[in-house]
Amino acid sequence: TSSPFSLVQKRNATHAAAGVANGAKNRPGRRLGLKRGNGEYVTPNTIIFRQRGSKWHPGENAHMGRDHTICASQPGYVRYYRDPAQHPDRKYIGIVFGSQDKLPYPKGMPRRRRLGLTAVPMTEQSAVEEEGAITGLEAGDEATGGKKGTGVTMQKDYSFGLSNYEIGRVAQEAGIEENQFRRSRWIAWRKSAARIARNALQRSARKK
C-alpha cells in the first residue's frame, strides 16, 4: 500500500547571501597607534592613543572613550608612565601642567589641578579685607558685633549681600513707595472662571 504522505527534504543555505557577510574585504585600516608623543602639548579632547582593547589606561587628567581611545581631559603635556602603587603591570597615559613635571606623583602628594589662578603676594590690607569678607563684617562693624543692619552679611546660600532690613531702609530713604494692589481678587476669579467655562463650551460645540 502506498502512503498518502510524500516525504520532501528541504536544504537551507548555510552562508548568508547578503549583508555584512559578503561586504568589502579591502577597507582601509583603522589607523591605530600613537597620535601624540611623550612631552607634546595637547588641548582638551585631543586624541593621544588609538587602540583595540585596553593596552594603555587613562592616567592623570586623561579619559578613555567607548572604543578604548585615550584622550586628554585638560590642557598640558603628555606623559607615558607606569604606577606600581596603583597597578603592577598597567601602562598609563596622563597629562601634566608643567613641562618639567613627571608622573606618577609621589605618594601622599595632593593632585594638581588647573584652576586658572595667578599667585599674587598678599599684603596686610588685603588679608584684613579677605577676613572681613569671610566673616561678613565691614569696616566699623566690629563695635556692633556685625548685627542686623550693619552691612553685608552671609546668606543661607553662602553668598554675601544686604539683609532685607537694609534693603527696606535704602528704599525708604530714597523715597520709593510701593504701589497698592487695587484690583479685587474675587472679581478676577469670577472673570477667569467664566472664561474657562466659555472656552470649554466652544470646544464641545466644535466636536459635535
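All of these numbers come straight from a predicted model, not from anything done at the bench.

Along its length, the protein chain carries three helices and 10 strands. Listing the helices and strands of the protein chain from first to last along the sequence gives β-β-β-β-β-β-β-β-α-β-β-α-α. Counting the 208 residues in the protein chain, one finds 19% classified as buried. Considering only residue pairs separated by 6 or more positions, the protein chain has 34% of its internal contacts joining residues 24 or more positions apart. On the protein chain, roughly 17,500 Å² of surface is accessible, and the fraction owed to carbon and sulfur atoms is 53%.

What follows is about the confidence of the model for the protein chain. When the pLDDT values of the protein chain are averaged, the result is 79; 73% of them are 70 or greater. Least confident of the elements in the protein chain is helix 1 (residues 124-135), whose mean pLDDT is 58; most confident is strand 3 (residues 47-50), at 97. A low-confidence stretch, residues 136-149 (pLDDT under 50), is modelled with 19 contacts involving residues beyond four sequence positions or located in other chains.

A separate point is unusual backbone geometry. In this structure, Pro-104 follows Leu-103 across a cis peptide bond, with omega equal to 0°. Relative to the helices and strands, Pro-104 resides in the loop between strand 8 (91-96) and helix 1. Of note, the phi angle at Arg-31 is positive, near 60°, even though the residue is not glycine. Locating Arg-31 in the fold gives a position in the segment before strand 1 (33-34). For Arg-31, a relative accessible area of 56% puts it in the exposed group.

This part covers a positive patch on the surface. A grouping of Arg-27, Arg-30, Arg-31, Lys-35 and Arg-52 is seen on the molecular surface, where their side chains present a positively charged patch. Here Arg-27 shows up in the segment before strand 1. Exposure remark for Arg-27: the relative accessible area of 65% places this residue in the exposed category.

Definitions and cut-offs
Residues numbered from 1 in each chain as written. Predicted model: local features only at pLDDT ≥ 70, side-chain atom pairs only at ≥ 80, totals over all residues. Heavy atoms only, no water. Helix = DSSP H or I, 4+ residues; strand = E, 2+ residues; numbered from the N terminus. Buried < 20%, exposed > 50% of the residue type's maximum accessible area, 1.4 Å probe, protein only. Contact = heavy atoms within 4.5 Å. Areas by Shrake-Rupley, 256 points an atom, 1.4 Å probe, with all protein chains shown as cover. pLDDT = per-residue confidence, 0-100. Patch = residues over 30% accessible without salt bridge, like charges linked within 9 Å, V, L, I, M, F, W, Y side chains within 5 Å. Salt bridge = Lys/Arg side-chain N within 4 Å of Asp/Glu carboxyl O. Lys, Arg positive; Asp, Glu negative; His and termini not counted. Charge placed at Lys NZ, Arg CZ, Asp CG, Glu CD.

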